[in-house]
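Each chain is listed here by its residues.
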Amino acid sequence: MLAELEEIFLREGFRRLTIQELAARLHCSRRTLYDLAPSKDELVALVVDRFLQRVGRRAMAQARALEEPLGRVHAYMSAASGALTRAARAFSVDVAGQPGIRRLFQEHYRFATSVAAALIQEGIDGGAFRETDARLVAEVIYAALDRLQDPEVLEHLGRTNAEAFQELFDLIVLGLARPS
């Protein structure tokens, strides 16, 4: 049921959907949904948090499966952006308009930023990346991710979340590489 809710939210957003409509679409009772969470807002938070945690675990597994530091950083960041390819503009608009869900994204981005900083530092320490402040790079990533959550910014850029994130990550990875 949570997976189905995730698909609905990513495809259509969540603000305009009611518990009654969701129950009808999922062929369950409203009580069943209220058993998952006591309110619609909390249900959305549960589903979005579950999605973001799964994305983070998958990104980390993909990064850890590689030996080469540049590949690890790229795999981690690409896995995260790839998961957002399923998110429609309506989802981004709803996230931007819902402070609690936006904070949830920011918390996950903050954690992802710390993981990225650790991966970057490993590459610096191992000599694969040029000398730089991994924390600064991670903070730039965090600031950019936060900015790219704004649907108006994405509209101005003519990009989806996933496209903008992938472009950002490509720039970061190229910037970390040691000059040949």
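Scroll up for the structure.
It should be emphasised that the depicted structure is a prediction, and the values quoted were computed from it without experimental measurement.

1. A closer look at the overall build of the protein
Along its length, the protein carries 10 helices and zero strands. Each helix and strand of the protein, placed in order from N terminus to C terminus, yields the pattern α-α-α-α-α-α-α-α-α-α. The C-alpha extent of the protein, read off along each of the three principal axes, is 60 × 35 × 20 Å. Expressed as a percentage of its 180 residues, the buried residues of the protein come to 43%. A sequence separation of at least 24 residues applies to 67% of the contacts in the protein between residues at least 6 apart. Surface summary for the protein: the accessible area is close to 9400 Å², and the carbon and sulfur share equals 55%. Across the protein, the centroid of the 23 positively charged side chains sits 3 Å from that of the 25 negatively charged ones.

2. A few points about empty space enclosed by the protein
By rolling a water-sized probe across the atoms, one finds the places where empty space is left. Under the criterion given, the structure shown has one cavity of 30 Å³ or more. If you add up the space inside the largest cavity, you get close to 30 Å³. Around the largest cavity sit Glu6, Phe9, Leu10, Val47, Val48, Phe51 and Phe91, which together line it. Elements with a minimum of two residues in the lining of the largest cavity: α1 (2-12) and α4 (40-64).

3. Re the layout of surface pockets
Roughly 380 Å³ of internal volume is contained in the largest pocket. In this structure, the largest pocket is lined by 21 residues; those nearest its centre are Val55, Gly56, Ala80, His108 and Ala112. Put simply, the parts of the chain that give the lining of the largest pocket at least two residues each are α4, α5 (69-83), α7 (99-125), α8 (134-147) and α10 (161-176). Of the residues belonging to the lining of the largest pocket, the class tally is 15 nonpolar, five polar and one charged.

4. Things to note about the nonpolar core
In this structure, Phe9, Phe91, Ile120 and Ile141 are the most contacted members of the largest nonpolar core, which totals 57 residues. With residues near it in sequence (within four places) discarded, Phe91 still touches Phe9, Leu10, Gly13, Phe14, Val48 and Phe105.

5. Some remarks on α1
Those residues of α1 lying buried are Leu5, Glu6, Ile8, Phe9, Leu10 and Glu12. The inward-facing, buried residues of α1 abut α2 (19-26), α3 (30-36), α4 and α6 (89-97). Trailing α1 by a residue or two, Gly13 shows a phi angle of about 85°, which is positive.

6. Thoughts on the pattern of salt bridges
Applying the stated criterion across every chain yields a total of 19 salt bridges. Across the pair Arg25 and Glu21 runs a salt bridge whose closest N-O atoms are separated by 3.6 Å. Pair noted here: Arg25 and Glu21 are both in helix α2, with a separation of four residues, about one helical turn. In this structure, the salt-bridge partner of Arg135 is Asp133, at a minimum N-O distance of 3.4 Å. Looking at Asp133, the relative accessible area reads 34%, which means it is partly exposed. Each of Glu6, Glu7, Arg50, Arg54 and Arg86 takes part in a single network of salt bridges with overlapping partners.

Quick notes on the rules
- Residues numbered from 1 in each chain as written.
- Predicted model: local features only at pLDDT ≥ 70, side-chain atom pairs only at ≥ 80, totals over all residues.
- Heavy atoms only, no water.
- Helix = DSSP H or I, 4+ residues; strand = E, 2+ residues; numbered from the N terminus.
- Buried < 20%, exposed > 50% of the residue type's maximum accessible area, 1.4 Å probe, protein only.
- Contact = heavy atoms within 4.5 Å.
- Areas by Shrake-Rupley, 256 points an atom, 1.4 Å probe, with all protein chains shown as cover.
- Lys, Arg positive; Asp, Glu negative; His and termini not counted.
- Charge placed at Lys NZ, Arg CZ, Asp CG, Glu CD.
- 1 Å grid on protein atoms, 1.4 Å probe; cavity = no way out; pocket = protein on both sides within 12 Å on 5 of 7 lines; lining within 4 Å.
- Points joined across faces, edges and corners; volume = space filled by probe spheres on them.
- Nonpolar A, V, L, I, M, F, W, Y, C, P; charged D, E, K, R; others polar.
- Core = buried A, V, L, I, M, F, W, Y, C linked by side-chain atoms within 4.5 Å.
- Salt bridge = Lys/Arg side-chain N within 4 Å of Asp/Glu carboxyl O.

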